[in-house]
Protein chains: 2
Amino acid sequence: MNVLIVYAHPQPRSLNGALRDFAVQHLEAAGHHVQVSDLYAMQWKTTIDEHDAPQRNPAEPFHASLDSKQAFLDGTQRDDIAREQEKLRWADTVIFQFPLWWFSMPAIMKGWFDRVYAYGFAYGVGEHSNAHWGDRYGEGSLSGKRAMLVVTTGGWDSHYSARGINGPIDDILFPIQHGMLFYPGFDVLPPFVTYRSSRVDAEAFAKITRDLGKRLDTLATTAPIPYRHQNHGDYEIPALTLKDEIATGLTGYAAHVAHVAHVAHVA
Amino acid sequence: MNVLIVYAHPQPRSLNGALRDFAVQHLEAAGHHVQVSDLYAMQWKTTIDEHDAPQRNPAEPFHASLDSKQAFLDGTQRDDIAREQEKLRWADTVIFQFPLWWFSMPAIMKGWFDRVYAYGFAYGVGEHSNAHWGDRYGEGSLSGKRAMLVVTTGGWDSHYSARGINGPIDDILFPIQHGMLFYPGFDVLPPFVTYRSSRVDAEAFAKITRDLGKRLDTLATTAPIPYRHQNHGDYEIPALTLKDEIATGLTGYAAHVAHVAHVAHVA
C-alpha cells in the first residue's frame, strides 16, 4: 500500500528521528511505498495567511476560510499546499508522527492542518441539510483511508492514565483523532504512544520498535476506533447531539465511540 | 491592573478584530493598562528551531527543550521570546484570544506557547522529588496571575454541548486551560466562547460585547476554575494519579476540578 508519514520533529538525531527511520525501512522492506513529509526539513510554512491565496482580490479583507475555498476551487493554491493534498490522495494510510508539546502537536504540524485542510477539501464538503450535515465525521474527501498517530511524550504513562493529572491520553488525542482525522473521513487506528521519551535506552528502544513493527505490519487489518458516523442516524440534525436512545446517560468524548457488541464464536 | 492580550487572527476586519478592539477600549476606559501581542501583525516566528538558541554549540544536535533551558538561563534567548516573557511578568491578567481552528488554537499561537514557554520559565521549575513534582499545576512562574480564553467558533453551541458531536467545549479547552495555563501557575477563569461566529449580526454583536464587557469588569473577582493543585495532597507522587479518596470513582478531566462545597449563609 501507499503510506504517507507526516512528521514533525526538529532534530533527526532524536528518538523521533530514529522511530521515523525505522518505520520507513520497515514499511519499505514489506513492499509498501512510502513518502515522508518531514515538516522541519521542508521548512514548512506554518502560518496560514493571505499569501496562501495568491489570486485573491487584495482590496478585499483576507478570509482564511473563504479564500482557501476559492483558491482550492480555482486551482490557485500555493504549490506546497497542493502537493500535500496530492500526497493525501495518493496515500492509503497516513501516519502522523510528533512529540506531544503542551498536550498537542508542535505548531509546525498544526500549521500543516490549518493550511492543507482547505475549505472544500477537508471541510465544507457535501450537502448541508436537515438530514445530512456535510460529508464529515466518517464521510468526506479522505474516506476509505486510514490514519494513525505515533506520539512521544516526556511524561509517564500514569500521568496520562484514567485518573492521571494530565488527563487520559485518549481524551488529549480526541480533538486530533476525532476532530482532525475522523472529520474528513479517515478511519482512525489506535495511537502508538511512547512515554518517558527522554529515558529510552537501547533495551527500551528495541521493545518500542518491536511493538511499532507489529503495528506497521497490521495497518490494513487493525480495527479502527469505532467513532459514530454523523449522518447514519445516531445524531439529531442539525443540533448534532446524540439521540436520547444512543449511549443513554453518557456525556463527553466516550459517548462518540460505539461499543462494539461481542460476537459469540462457536468453536 | 495590567492586562496582556495575546491575540491570533489574520484579519483585523473580522469579528475577532472587533472584539479585540472592544476589549482594549473597555479595559483602558476602566483605567487598566493594556498591551496586545497581535501575533499576525508581529509576524510572530511560529516554529521553534535552532535559531531560537543562538549561542548553542552548533556541533551538538539541537534539543528544543534543553537548548531553550540554556538560552533562558544564559540570557541568550531571541529578543522576541524574551519580550513576551517580560510581558507575562508585567501582566496581572492575560487574555488569550483566537478562533478555534480544528478544535485548537491557530498554529501561530501554538508556536507562541512552544517558544515563549521555555524550560526553566514555564516548566522544569522547582524541586522534583517524591514529595513535590516541580512547581506546576497551580504553582510556578506565573502563579498569582489570572488567565482567560476568548474563543470564537463557527459551530453551534449544541455541537459543543455535553452530548454534542464535537465534544464538550470544556473538554476541548482542557488541554489549553489546564495543560498550558494552570500548569505554569495561572488561575484560569471560565472561558468566553462565541458560537456561530460567521452569523453574528449587529444585534448579536451588541449582546456579545455586553457580555464580554461584564467579564472584563470582573476579571479580578470572577472565581477561577477550581483545578486541583498537584502538590497539595490530592495526587500520589510521582505517579500523579488522584488518590483513591479524591473524586472517588471519577475518571477523566472532570476529576481534576474540585467541586466547591456549598456554604450555607444565614440571612
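Keep in mind the model is a prediction, meaning the values are calculated, not measured. (Residues numbered from 1 in each chain as written. Chains lettered and ligands numbered in written order. Predicted model: local features only at pLDDT ≥ 70, side-chain atom pairs only at ≥ 80, totals over all residues. Heavy atoms only, no water.)

Draft legend 1. A look at the overall build of chain A. In terms of regular secondary structure, chain A is built from seven helices and six strands. When the helices and strands of chain A are read in sequence order from the N terminus, they spell out β-α-β-α-α-β-α-β-α-β-β-α-α. Taking 267 residues into account, the globule formula puts the C-alpha radius of gyration at 18 Å, and chain A, at 20 Å, falls close to it. Seen through its principal axes, chain A has C-alpha atoms that stretch 60 × 50 × 40 Å. Out of the 267 residues belonging to chain A, those deemed buried represent 58%. Put simply, of all contacts in chain A between residues at least 6 apart along the chain, 75% involve residues at least 24 apart. For chain A, the accessible surface area stands at approximately 11400 Å², while carbon and sulfur atoms represent 51% of it. Positive and negative charge centroids in chain A, built from 23 and 30 side chains respectively, lie 5 Å apart. (Helix = DSSP H or I, 4+ residues; strand = E, 2+ residues; numbered from the N terminus. Rg over C-alpha atoms; globule rule 2.2 N^0.38 Å. Buried < 20%, exposed > 50% of the residue type's maximum accessible area, 1.4 Å probe, protein only. Contact = heavy atoms within 4.5 Å. Areas by Shrake-Rupley, 256 points an atom, 1.4 Å probe, with all protein chains shown as cover. Lys, Arg positive; Asp, Glu negative; His and termini not counted. Charge placed at Lys NZ, Arg CZ, Asp CG, Glu CD.)

Draft legend 2. A look at the pairing of strand β1 (residues 2-7) of chain B. Residues and elements named next belong to chain B. By the criterion of burial, β1 is predominantly enclosed, with six of the six residues buried. Burial of β1 is two-sided: the residues N2, L4 and V6 facing one way and the residues V3, I5 and Y7 facing the other way are all buried. With six bridges joining them, β1 and strand β2 (residues 33-38) adopt parallel strand pairing. Residue pairing in the sheet places V6 in a bridge with S37 of β2. Crossover handedness for the path β1 to helix α1 (residues 15-29) to β2: right-handed. (Pairing = 2+ DSSP bridges. Right-handed = clockwise from strand over helix to strand, strands pointing away.)

Draft legend 3. Inspection of the packing of α1 of chain B against helix α6 (residues 202-217) of chain B at higher detail. All names here are of chain B. At their nearest, the axes of α1 and α6 sit 10 Å apart, and the two run at 40° to each other. Classified by the interaxial angle, the pair formed by α1 and α6 is oblique. Crossing geometry of α1 relative to α6 is assigned as right-handed. In this structure, α1 uses L15, A18, L19, F22, A23, H26 and L27 to contact α6, whose residues at the interface are F205, I208, T209, L212, G213, L216 and D217. By residue class, the composition of the contact of α1 with α6 is 10 nonpolar, three polar and one charged. (Axes fitted to C-alpha atoms, helices over the stretch in contact; angles between N-to-C directions. Parallel < 35°, antiparallel > 145°, perpendicular 65-115°, else oblique. Left-handed = near helix turned anticlockwise from the far one by under 90°. Nonpolar A, V, L, I, M, F, W, Y, C, P; charged D, E, K, R; others polar.)

Draft legend 4. Representation of the relation of the copies chain A and chain B. For the pair chain A and chain B, the superposition axis carries a translation of 0.0 Å, the fit reaches an RMSD of 0.0 Å, and the rotation angle comes to 180°. What the superposition gives is, in effect, a two-fold axis relating one chain to the other. Minimal C-alpha separation from the rotation axis in chain A is found for A107 of chain A, amounting to 2.4 Å. Both copies share a contact surface, since 99% of the interface residues of chain A are interface residues in chain B too. (Least-squares fit on C-alpha atoms with pLDDT ≥ 70 in both.)

Draft legend 5. Region of interest: the UniProt feature "domain: Flavodoxin-like fold" (unreviewed entry) in chain A. In this structure's numbering, the residues bearing the UniProt feature "domain: Flavodoxin-like fold" (unreviewed entry) are residues 1-214 of chain A. As annotated, residues 1-214 of chain A has a helix share of 35% and a strand share of 14%, and its two end C-alpha atoms lie 16 Å apart. (UniProt positions renumbered as here; feature names shortened; annotations may be inferred.)

Draft legend 6. How the structure looks around the interface of chain A and chain B. With 67 residues of chain A at the contact, the number on the chain B side is 66 residues. Where chain A abuts chain B, roughly 5000 Å² becomes buried across the two surfaces, and 62% of that area is made up of carbon and sulfur atoms. The largest per-residue losses of area from chain A upon contact with chain B belong to W102, R163 and I165 of chain A, which jointly make up 21% of the total buried on that side. Counting across the chain A and chain B interface gives zero salt bridges. One can count 38 residue pairs in polar contact (both at pLDDT 80 or more) joining chain A with chain B. Put simply, the parts of the chain that give the side of chain A that touches chain B at least two residues each are α4 (107-116) and α5 (169-182) of chain A. Top element by residues in the side of chain A that touches chain B is α5 of chain A. It accounts for seven residues. When grouped by side-chain class, the residues that make up the side of chain A that touches chain B number 38 nonpolar, 20 polar and nine charged. (Buried area = accessible area lost by both parts, 1.4 Å probe. Salt bridge = Lys/Arg side-chain N within 4 Å of Asp/Glu carboxyl O. Polar contact = N/O pair within 3.5 Å; in protein donor to acceptor, adjacent residues only side chain to side chain.)

Draft legend 7. Unusual backbone geometry, seen in detail. Here I237 of chain A and P238 of chain A are connected by a cis peptide whose omega angle stands at 10°. In this fold, P238 of chain A is placed in the segment after α7 (230-234). Here Q43 of chain B, not a glycine, exhibits a phi torsion of approximately 50°, which is positive. For Q43 of chain B, the position within the fold is in the loop between β2 and α2 (64-74).

Draft legend 8. Fine view of the packing of aromatic side chains. One pass over the full model with this rule turns up 38 aromatic pairs over all chains. Judged by centre distance (5.2 Å) and plane angle (85°), the ring pair of W102 of chain A and Y183 of chain B falls under edge-to-face. In this pair, W102 of chain A sits in the loop between β3 (93-99) and α4 while Y183 of chain B sits in the loop between α5 (169-182) and β5 (187-188), so the two residues belong to two different chains. Assessed through its relative accessible area of 12%, W102 of chain A is described here as buried. You can call Y183 of chain B buried: its relative accessible area is 9%. Positioned above the aromatic ring of W44 of chain A, the side-chain terminus of R115 of chain A is 4.8 Å from the ring centre. Cation over ring: R196 of chain B sits above W156 of chain B, and NZ or CZ is 4.2 Å from the ring centre. (Phe/Tyr/Trp six-rings, centres within 6.5 Å; stacked < 30°, edge-to-face > 60°. Lys NZ or Arg CZ within 6 Å of the ring centre and 35° of its normal.)

Draft legend 9. Broad picture of the pattern of salt bridges. Residues and elements named next belong to chain A. As enumerated under the stated definition, the model contains 28 salt bridges over all chains in all. Across the pair D38 and R20 runs a salt bridge, and its minimum N-O distance is 3.0 Å. Of this pair, D38 sits in strand β2 (residues 33-38) while R20 sits in helix α1 (residues 15-29); the two residues are 18 residues apart in sequence, bridging distant segments of the chain. This pair shows no difference in class: D38 is buried, exactly as R20 is.

Draft legend 10. Molecular detail of the side chain of S68 of chain B. All names here are of chain B. By the element assignment, S68 lies in helix α2. For S68, a relative accessible area of 13% gives the class buried. Only 2.9 Å separates the side chain of S68 from the backbone oxygen of S65, close enough to count as a polar contact. Beyond its immediate stretch of four places on either side in the chain, S68 contacts H63, A118, Y119 and Y123.

Draft legend 11. Inspection of the environment of Q35 of chain A at higher detail. Residue and element names in this part refer to chain A. As for its position among the elements, Q35 is in strand β2. C-alpha separation for the pair Q35 and L4, spaced 31 residues apart in sequence, amounts to 4.9 Å. The residues contacting Q35, other than those within four sequence positions of it, are V3, L4, I5, K87 and W90.

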